[in-house]
Amino acid sequence: MQVQARSIGGIHSEWLIPEGSEQGKMILYFHGGGYVSGSCNDHRGIVSKFADLAGVATLVFEYRLAPEHPFPAAVDDSVRVYRWLLSEGFAPGNILFAGESAGGGLTLATLLYLKDNNVPLPAAAVAISPWTDLTCSGDSYKTKNKLSPAPLDSWFVFGSHYRGNHPADHPYISPLFGNPAGLPPLFINSGVDDELFDDGEMFSRKAKKAGVDVTFRAGEGMVHCYPLLAPMFPEATQAMDEIVEFIRRKLNPA
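### Regarding the nonpolar core
And then number 1: Ranked by size, the top nonpolar core spans 51 residues in total, and within it L28 and L186 carry the most contacts.
And then number 2: In terms of residue count, helix α2 (residues 73-87) provides more of this core than any other element does, 7 residues in total.
And then number 3: Discounting chain neighbours no more than four positions away, the residues touching L186 are L108, L111, A125, F203, A207, V212, D213, V214, T215 and F246.
And then number 4: Judged by nonpolar contacts, the second largest core, of 29 residues, contains C40, F50, V56 and M222.

As C-alpha cells, this is what we get:
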C-alpha cells in the first residue's frame, strides 16, 4: 500500500494506493467524526483496509471541522476536492464516493449539491451508518442511545456545532430533507442497534421512492459502522464483502 500526501487547494489529503490497482479508477472517501473530528491520520488504517479489499486507489481528505468551521465548510471542501479530481482528468464514471457516519451523510449531501448545480455525478456511492438527519428526529435516537458506544446525546451536541446558524433540516446539512431523485446508485448499510439506524433506513426508503437504485442493508444486532470492524466478527466481514462487491461492480461494469 502506497501512502502519498497531497495538498488540494490547501486541503490536506492522502492517497492510499493498493498494489495492482487499476489506473484511472478511484474512491473518494469522506471520513466520519461527527463533523467535529477526524483526519487522514486517524482513518488511515480503516481506509487502507477498505482500499485494499476493493483494489482501488482511495483519496481521503480533511474537510474543515466544526465548531471553528461550521456548515457549509465541509460541503464546500468536498465539492472543491471533487472538482479538482475532474480537472485532473478523472472521469465521473470512474469515481465512487464512500463515507461513514457523518462522512456518510456528507457523501449524500455532496451528491445533492452536485446534482442541484449540474456537476457530473460519480458512478455510485457507499454510505455506512450515514448521519442524514441532524434534527435527530428518528425514533432510534431515543430507543438505541443506550446501546450506542457514542456518549449519550452526543449527536445533538455535534449537530449544533456543525449547523451553526443554519436550520438543521437544510438538505445539505441533513440530506434526508433533500430531493434524491437523479442520484447515482447507492449502497447504504446501517446497524439496527445504532442510534443512526433510522437515518440510513429513512433516506434509503425516500431515495428508492424517488427512483434511485438503492441497496439498503440493516445489520441485525449490529452497532455503528460495524462493516469497518471486519474481520473481527463474521457479520462485519460479510457486510464488508458485500460493500466491496458493490464497488467493484460499479467501477467495472463490464
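Having seen it, we continue.
### Concerning the packing of aromatic side chains
And then number 1: The full count for this structure, using the stated rule, is 16 aromatic pairs.
And then number 2: The interplanar angle of 70 degrees and the centroid separation of 5.6 Å between the aromatic rings of Y29 and F50 together place this pair among those described as edge-to-face. Highlighted residues: Y29 in strand β3 (residues 26-30) and F50 in helix α1 (residues 40-54), separated in sequence by 21 residues. For the pair formed by Y29 and F50, the shared burial category is buried.
And then number 3: A centroid spacing of 5.9 Å and a plane angle of 35 degrees characterise the contact between Y35 and W131, whose relative ring orientation is tilted. Of this pair, Y35 sits in the loop between β3 and α1 while W131 sits in the loop between β6 (124-128) and α4 (140-143); the two residues are 96 residues apart in sequence, bridging distant segments of the chain.

### A few points about helix α6 (residues 197-209)
And then number 1: For α6, with 13 residues, the first-to-last C-alpha span of 19 Å sits near the 18 Å given by 1.5 Å per residue.
And then number 2: Those residues of α6 that are buried lie in contact with α3 (102-116), α4, β7 (186-191) and β8 (214-219).
And then number 3: Remark: G211 follows α6 within two positions and exhibits a positive phi of approximately 95 degrees.

### What to know about the sheet that holds β6
And then number 1: Pairing within the open sheet is mixed, and its 8 strands lie in the order β1-β2-β4-β3-β5-β6-β7-β8. A strand with exactly one partner marks an edge of an open sheet, and here the two such strands are β1 (2-8) and β8. The average angle at which neighbouring strand axes cross in this sheet is 20 degrees, direction not considered.
And then number 2: Where β7 and β8 come together, 6 bridges link them in parallel fashion.

So, how was this worked out
- Sequence order as written defines the numbering, with residues in each chain counted from 1.
- Whole-chain, interface and lining totals are the exception, using all residues; otherwise, since this is a predicted model, local features are given only for residues with pLDDT of at least 70 and side-chain atom pairs are given and counted only at 80 or more.
- For the side-chain quantities, the full set of heavy atoms in the structure was used; hydrogens and water were omitted.
- Throughout this description, the term nonpolar core refers to a set of buried Ala, Val, Leu, Ile, Met, Phe, Trp, Tyr and Cys residues connected via side-chain atoms within 4.5 Å.
- Burial classes follow relative accessibility: with a 1.4 Å probe on protein chains only, a residue under 20% of its type's maximum area counts as buried, one over 50% as exposed, and anything between as partly exposed.
- Numbering goes from the N terminus for both helices and strands, where a helix is a DSSP run of H or I of at least four residues and a strand is a run of E of at least two.
- Residue contacts follow a heavy-atom distance rule, with two residues in contact if any of their heavy atoms lie within 4.5 Å.
- Stacked, edge-to-face and tilted labels apply to pairs of Phe, Tyr and Trp rings (six-membered ring for Trp) whose centres lie within 6.5 Å, assigned for plane angles under 30 degrees, over 60, and everything in between, in that order.
- Multiplying 1.5 Å by the residue count of a helix minus one yields the expected span of that helix.
- Strands qualify as paired when DSSP identifies two bridges or more between them.
- Lines fitted to the C-alpha atoms define the axes, with helices restricted to the stretch that makes contact. Angles between their N-to-C directions range from 0 to 180 degrees.

Just geometry here; none of it tells us what the structure is for.
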